[in-house]
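# What the coordinates show
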Amino acid sequence: MSRIILFENSIFNAENITQVLIDVNHMFNPDLKTRILKKSGLNTFGEYVNKVICNGSILISCEKEVIEGVCMIYHNDLVNFTAYIPIIAVRNNFQKKGVGQRLLEYSFELAVSNKMKKIVIKTWKTNDGAIQFYNKNGFVVTEQHNFDITLEKNL
Ligand SMILES: CC(C)(COP(=O)(O)OP(=O)(O)OC[C@H]1O[C@@H](n2cnc3c(N)ncnc32)[C@H](O)[C@@H]1OP(=O)(O)O)[C@@H](O)C(=O)NCCC(=O)NCCS
């Protein structure tokens, strides 16, 4: 049975997480490298993973030493009390088995325990599967951009 664990309590290192991002890169549109690295001004997934380790949390769904998926979350905004999920991704072979659902539920608990009142996520407008997944979990669209949409959920 797989379980959700925080990066710092896991057997995994930053390179393992970086490898997951490389594996899921092309599931994103544009690819994850373009979406994330451009915005953050960083050059590699490795640098990005270290940034999240320092400023947020990484949730890992794993079975023994196999990582099925990850969810990254910032929950340190004590002005607006709004958490933000920059990445949630489940590796191809493990999709549609409830892994994303468990990662998201854990992220809600983590956000609440860090006093967050809202949680925000962005995706691209044509990512129908993910949008259905977010709607099912109580997110509503709050902003529409040219290519992306922003969704929010009250915690
Ligand atoms: C979006 C994603 C994280 C969902 O993870 P998952 O483990 O496949 O999802 P789950 O199995 O936990 O599904 C939970 C619910 O979401 C919905 N859902 C998930 N994927 C769906 C899809 N492709 N189409 C329609 N509904 C979907 C289902 O309603 C499902 O509920 P059900 O079991 O009652 O049918 C995963 O598909 C993924 O990594 N996609 C590629 C990366 C991505 O798009 N990330 C989000 C962009 S920011």
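Residues numbered from 1 in each chain as written. Predicted model: local features only at pLDDT ≥ 70, side-chain atom pairs only at ≥ 80, totals over all residues.

## Here we look at the nonpolar core
Among the nonpolar cores identified, the biggest contains 39 residues, and Leu59, Val70 and Cys71 are the most heavily contacted of them. Sorting the residues of this core by element identifies α1 (14–24), α2 (32–40), α3 (45–55), β2 (57–63), β3 (66–74), β4 (82–90), α4 (99–113) and β5 (118–124) as the ones contributing at least two each. Not counting residues up to four positions away in its chain, the partners in contact with Cys71 are Leu59, Ile85, Ile88, Leu103, Leu104 and Ser107. (Core = buried A, V, L, I, M, F, W, Y, C linked by C-beta atoms within 7 Å. Buried ≥ 20, exposed ≤ 12 C-beta atoms within 10 Å, placed from the backbone. Helix = DSSP H or I, 4+ residues; strand = E, 2+ residues; numbered from the N terminus. Contact = placed C-beta atoms within 7 Å.)

## Some words on the environment of Ile5
Inspection of the secondary structure puts Ile5 in strand β1 (residues 3–6). For the pair formed by Ile5 and Ile67, sequence separation is 62 residues and the distance between their alpha carbons is 10 Å. Not counting residues up to four positions away in its chain, the partners in contact with Ile5 are Ser10, Ile60 and Cys62.

## Focus: the site of the ligand
Lining the immediate environment of the ligand, one finds 19 residues, of which Gln95, Gly100, Gln101, Gly129 and Phe133 sit closest. Contributions of two or more residues to the shell around the ligand are made by β4, α4 and α5 (128–136). With five residues, α5 is the single largest residue contributor to the shell around the ligand. By residue class, the composition of the shell around the ligand is eight nonpolar, eight polar and three charged. (Near = placed C-beta within 6 Å. Nonpolar A, V, L, I, M, F, W, Y, C, P; charged D, E, K, R; others polar.)

## Focus: α3
Given 3.6 residues to a turn, an α-helix orients residues that are three or four positions apart in the same direction. If you check which residues of α3 are buried, you get Phe45, Tyr48, Val49 and Val52. Here the buried residues of α3 occupy an arc of 100° about the axis, which is enough to place them on one side. Opposite the buried face of α3, at more than 90 degrees from it, the exposed residues are Cys54 and Asn55. (Arc of directions from axis to C-beta.)

## Describing the sheet that holds strand β6 (residues 140–144)
Strand order in the open sheet formed by seven strands is β1-β2-β3-β4-β5-β7-β6, with mixed pairing between adjacent strands. Pairing within the sheet leaves two strands with one partner each, and these edge strands are β1 and β6. The sheet shows a mean angle of 30° between the axes of neighbouring strands, taken without regard to direction. Bridge analysis of β1 against β2 gives four bridges, and the strand direction is antiparallel. Residue pairing in the sheet places Ile5 in a bridge with Ile60 of β2. (Pairing = 2+ DSSP bridges. Axes fitted to C-alpha atoms, helices over the stretch in contact; angles between N-to-C directions.)

Any functional reading would require information that these geometric values do not contain.
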